[in-house]
Amino acid sequence: CRMLSSTHAWLSVLLLHFMETGILAKGKFNVLYLIADDLRPALGCYSDPVVKSPNIDQLASKSTVFFNAWAQQAVCGPSRTSFLTSRRPDTTKLYDFKSYWRVSAGNYTTLPQYFKTNGYTTLSVGKVFHPGIASNHTDDYPYSWSVPPYHPPSFSYEKRKVCKDKDGTLHSNLLCPVNVSEMPLGTLPDLENTAEAIKLLKSMRDTETPFFLAVGFYKPHIPFRIPQEYLKLYPIENMTLAPDPEVPKKLPDVAYNPWMDIRKREDVQALNISFPYGPIPKDFQLRIRQHYFASVSYVDAQVGKILQALDDLGLSENTIVVFTSDHGWSLGEHGEWAKYSNFDVATRVPLIVYGPGVTSPLPRPGEKTFSFVDVFESTQEQFGKGYEMRSMVELVDVFPTLAALAGLPLPRRCPSPSFKVQLCTEGYNLVRMLGRREWVTNHQAFAFSQYPRPSDTIQENSDLPDLADIRVMGYSVRSDIYRYTVWVGFDPVHFQANLTDIHAGELYVLTDDPGQDHNVFDEFTHGRVLLKLGIQPGWTESLKQHLIYFREEFKSKWTL
C-alpha cells in the first residue's frame, strides 16, 4: 500500500512537470467547471458541522481543496467577469452590472474563449457569466462559446409570485420551499441545468474534440425557491444563530451593507424591519439559515448527478473538474446578510480542483470515481479529506491554473496597466499545489478584494451603487493572520482611487479575532503609516506594505 502511494506521488510530480512545460499534447483533458451562486464554504469538506454535502465532499476527497480561496469582489457580475478574464475589477472597470468589459475596459480574452481558441468545444449551462449588459446580453457569445449558452426556461419565474403561504396565497418571498410539481413548467432552474449538462456530456462522449463545459447553478442565491423536502435535513430546532450576530462597535458605517435585496422580499417586508441595522427577528434569522443550508444540499445533489454521469460515460479519467462559487454570503455575522462587503464571510469561496492522475490515482478497470450519494438516506458515507491547501489563493488564479493543467500554453502575467493587452493573467498558476500535502502555509501569500460605496454613510444604494455614484472604494487584503481594509476616495469618471484620502479603515488580527469583530485600526495613526510607507504603484502592493508594517509595529503587542 505504501509502495502504491509512493508511486502515485512520483507519477503526479512527473505529470505536473509535463503540464507546466507544455509537453503534454494540447487538448488532452476535458474541463467541467461547476460554479455555485452565493456559496460560502458551508460544506462538510470545509469542516462545516451543519451542512450535508456528501457529493461535493466525495469530489473533495479526490481533489485539492483550497481552504483560503477569495473572490475579488463580493457581488455576482464583477466577480464573474473578474475570474473569467483573470483580471481584477479595477482592470475590468466593472463594479456594478451595467457595463461590458470589451467596450468599457479592453477586449480581454476569457477563460472559455482561450480554450475555444485552442480547439475546444466550449459550452455554457445556466449562470456562468452574469446575464444582461455585463456580458453583452449574450453571455459573451460567440467570443466565449461554441454554441449559444443554455438558460433554463423555468428561471423566468424565479422572481414571480410562486411562493405559497399557509393560506394558499402566492407571494414573492425570500423563503420559498416548494412542491416542484406545482411550479410553472413543473420544474426548477437547477434541475433543468443538471439535465442539460448531462445531455451535453452524452453528446460529447464520442467526439474527438475536447470540451470545456461550464455549469452555473442558481442556488443558494435568493430567493430560496428549492424543493421543500430539503428543509427536512435541517430541523428548525437544531438551527443556531450566527456566533456574532451584533454589529461590531468599531465597524465604520462605510463598511456596513444594509442587505436591501433581502428587505425587498414580501415575507421580510411584513416584518417591518428598521433601516439600516434591523435586526431581523431571531426566529426569522434561524429560518434564513435553515433555508440557506437546505439550498446548499439541493445544489450538492445536482453536482452529484452530473459527476455520476461524467463517470458513467467514461469521462472522469480525462476530465478536469473545478467546483467553486462567485463569492460568499453573510448569514447574520456582524448583523449583516447577503454579500456586498469585504468580510471573510462575503469574500471567501470554496475552490476544489480534481485532476485525473494528479489529485487522485486513475481508477482501475470497472472502478467508480464518482457515485451519486442520496443525502436523504439515513447512513451518510464518510469521505477522506483530499489534499488540503491553506495558503491564500484567489479566483483570478483559476484561469492560468486550468490552462496549465490542461496542457495549454500559460498566459503571461499582465503588465501594469494592461487595458490594451488581450491575453494575460493577474492571477498565478496553482498547478504546483495540486496533488501535494502542504506541510507549511505560505505566510507571504496574500489575497485581495474590493468593494465600492456611494458614501461614508449608509444609504439604500450602499450595497450596489451604480458606477456614477461611487465615491469610496474599500480595498482589502487578507493574509493568514490579518484582514486589513482601507476605505479611500474614488473618482468614478477616471476610475481612480486616491490612496492618501483615507475615509476609514479596518484591521482584524485573526489569531485573536477570527470572526473579525474587533477593529483595531484606530490603535495606530494611519497618516503616520502612509508617510512612512509612501504610495506604491498599485493598491495591492500598497496594502501588502501596510501589512508588513503592522507585523513589525505590533509584534511586541500581539502574538502573531
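As the structure is a prediction and not an experimental result, all values here were calculated from the model.

1. Focus on helix H12 (residues 398-405)
Among the eight residues of H12, eight are classified as buried, and the element is accordingly described as predominantly covered. Trailing H12 by a residue or two, Gly407 shows a phi angle of about 85 degrees, which is positive.

2. Re the state of the cysteines
Enumeration over the complete set of coordinates arrives at two disulfides. Disulfide pairing is shown between Cys414 and Cys424; the S-S distance is 2.0 Å. Measuring handedness by torsion sign, the sulfur bridge of Cys414 and Cys424 sits at about 90 degrees and is right-handed. One end of the pair, Cys414, is in the loop between H12 and strand E15 (447-453); the other, Cys424, is in the loop between H12 and E15, with ten residues separating them in the sequence. Neither Cys414 nor Cys424 differs from the other in exposure class; each is buried. Here the bonded cysteines of the chain are numbered in sequence order, and their pairing is 1-2, 3-4.

3. Topic: the packing of aromatic side chains
Going through the model one piece at a time under the given rule, you end up with 24 aromatic pairs. Taking the centre distance of 6.2 Å and the plane angle of 90 degrees together, the rings of Phe224 and Tyr292 count as edge-to-face. Of this pair, Phe224 sits in strand E8 (residues 224-227) while Tyr292 is found in helix H10 (residues 282-312), placing the two residues 68 residues apart along the sequence. Taken as a pair, Phe224 and Tyr292 share a single burial class, namely buried. Taking the centre distance of 6.5 Å and the plane angle of 80 degrees together, the rings of Tyr340 and Tyr451 count as edge-to-face.

4. Some thoughts on the side chain of Glu192
Here Glu192 is to be found in helix H7 (residues 189-204). An unpaired buried charge is present at Glu192: no salt bridge exists, and Arg225, the closest side chain of opposite charge, is 7.4 Å distant. Other than its neighbours up to four places away in sequence, Glu192 contacts Tyr150, Pro152, Pro153, Ser154 and Thr187.

5. Description of the nonpolar core
Grouped together as the largest cluster of nonpolar side chains are 89 residues, with contacts concentrated most on Leu213, Ile288, Phe323 and Trp329. It is H10 that contributes the most residues to this core, 15 residues altogether. Phe323 has contacts with Leu34, Ala36, Leu39, Leu43, Ile56, Leu59, Val303, Pro350, Leu351 and Ile352, leaving out every residue within four places of it along the chain. Counting residues in each nonpolar core, the second largest holds 43 residues, with Val31, Tyr114, Ile320 and Leu430 among its members.

6. Description of the sheet that holds strand E18 (residues 496-509)
Backbone hydrogen bonds hold the strands of a sheet together, and the pairing may be parallel or antiparallel. Strand order in this open sheet of four strands is E15-E16-E17-E18, and the pairing throughout is antiparallel. The open sheet terminates on both sides in strands that have one partner only, identified here as E15 and E18. On average, each strand axis in the sheet is inclined to that of its neighbour by 20 degrees, with strand direction left out of account. Where E15 lies against strand E16 (residues 472-478), seven bridges are found, and the strand directions are antiparallel. The residue of E16 that forms the bridge with Phe448 is Val477.

7. A few points about the pairing of strand E7 (residues 211-216)
Extensive coverage of E7 is indicated by the burial of six of its six residues. Of the two faces of E7, the one carrying Phe211, Leu213 and Val215 and the one carrying Phe212, Ala214 and Gly216 are both buried. Pairing of strand E1 (residues 30-36) with E7 involves five bridges; the strand directions are parallel. Across the sheet, residue Ile35 finds its bridge partner in E7, namely Gly216. Where strand E3 (residues 121-126) lies against E7, six bridges are found, and the strand directions are parallel. Across the sheet, the residue bridging to Thr121 is Phe211, located in E7.

8. Quick look at the pairing of E15
Of all seven residues in E15, seven are buried, a share of seventy percent or more. Side chains Ala447, Ser449, Tyr451 and Arg453 of E15 all project onto a buried face; the interleaved residues Phe448, Gln450 and Pro452 project onto the opposite face, where all are buried too.

9. So, the packing of helix H2 (residues 54-61) against H10
Put simply, H2 and H10 touch, their axes get as near as 7 Å, and they point 55 degrees apart. Comparing the axis directions of H2 and H10 gives the class oblique. Every residue of H10 that contacts H2 at Pro54, Asn55, Ile56 and Leu59 is listed here: Asp300, Ala301, Val303, Gly304 and Leu307. In the contact of H2 with H10, the residues fall into six nonpolar, two polar and one charged.

10. Side note on the environment of Phe284
Note on placement: Phe284 falls in helix H10. Considered as a pair, Phe284 and Leu175 are 109 residues apart in the sequence and their alpha carbons are 9.7 Å apart. In this structure, Phe284 is in contact with Leu174, Leu175, Asp267, Val268 and Leu271, ignoring residues within four places of it in sequence.

11. Details of the side chain of Thr324
Along the chain, the position of Thr324 falls in strand E9 (residues 319-325). Of the polar contacts made by the side chain of Thr324, one reaches the backbone oxygen of Pro350; its length is 2.7 Å. The residues contacting Thr324, other than those within four sequence positions of it, are Tyr33, Leu34, Ile35, Ala36, Val349, Pro350, Leu351 and Leu395.

12. Some points on the pattern of salt bridges
Considering all chains together, one arrives at 19 salt bridges under this definition. For Lys164, the salt bridge identified is with Glu182, shortest N-O distance 3.2 Å. Of this pair, Lys164 sits in strand E4 (residues 163-164) while Glu182 sits in the loop between strand E6 (175-178) and H7; the two residues are 18 residues apart in sequence, bridging distant segments of the chain. The closest approach of N and O atoms between Lys368 and Asp311, which form a salt bridge, is 3.6 Å.

13. Topic: the environment of Leu170
Within the secondary structure, Leu170 is located in strand E5 (residues 170-171). Taking C-alpha positions, Leu170 is 9.0 Å from Arg160, a pair spaced ten residues apart along the chain.

The rules behind each value
- As a convention, each chain's residues are numbered from 1 in the sequence order in which they are written.
- Where totals are concerned, whole chains, interfaces and linings use all residues; where local detail is concerned, this predicted model gives features only for residues with pLDDT of at least 70, and gives and counts side-chain atom pairs only at 80 or more.
- The side-chain figures draw on all heavy atoms in the structure; neither hydrogens nor water molecules are used.
- Exposed residues in this analysis have more than 50% of their type's maximum accessible area, buried residues have under 20%, and partly exposed residues fall in between, with area computed by a 1.4 Å probe over protein chains only.
- A helix here means a DSSP run of H or I that spans at least four residues, while a strand means a run of E at least two residues long, and both kinds are numbered starting from the N terminus.
- When two cysteine sulfur atoms lie within 2.5 Å, the pair is treated as a disulfide.
- Each pair of aromatic rings taken from Phe, Tyr and Trp, with Trp reduced to its six-membered ring, is defined by centres within 6.5 Å and is described as stacked if the planes are under 30 degrees apart, edge-to-face if over 60, and tilted in the remaining cases.
- Counting rule for charge: Lys and Arg are taken as positive, Asp and Glu as negative, and neither His nor the chain ends is counted.
- We define a salt bridge as a side-chain nitrogen of Lys or Arg found within 4 Å of a carboxyl oxygen belonging to Asp or Glu.
- Here, two residues are considered to be in contact whenever any of their heavy atoms come within 4.5 Å of each other.
- Working definition of a nonpolar core: buried Ala, Val, Leu, Ile, Met, Phe, Trp, Tyr and Cys residues. They are joined through side-chain atoms within 4.5 Å.
- Paired strands are those between which DSSP finds at least two bridges.
- Here an axis means a line fitted to C-alpha atoms, over the contact stretch when the element is a helix, while the angle between two N-to-C directions is reported on a 0 to 180 degree scale.
- Orientation is classified from the angle alone, with under 35 degrees giving roughly parallel, over 145 giving roughly antiparallel, 65 to 115 giving roughly perpendicular, and any other angle giving oblique.
- The residue classification treats Ala, Val, Leu, Ile, Met, Phe, Trp, Tyr, Cys and Pro as nonpolar and Asp, Glu, Lys and Arg as charged. All others, Gly included, are polar.
- As used in this structure description, the phrase polar contact means that two N or O atoms lie within 3.5 Å; if the pair is within protein, one of them must be able to donate a hydrogen and the other to accept it, and residues adjacent in sequence are counted only when both atoms belong to side chains.

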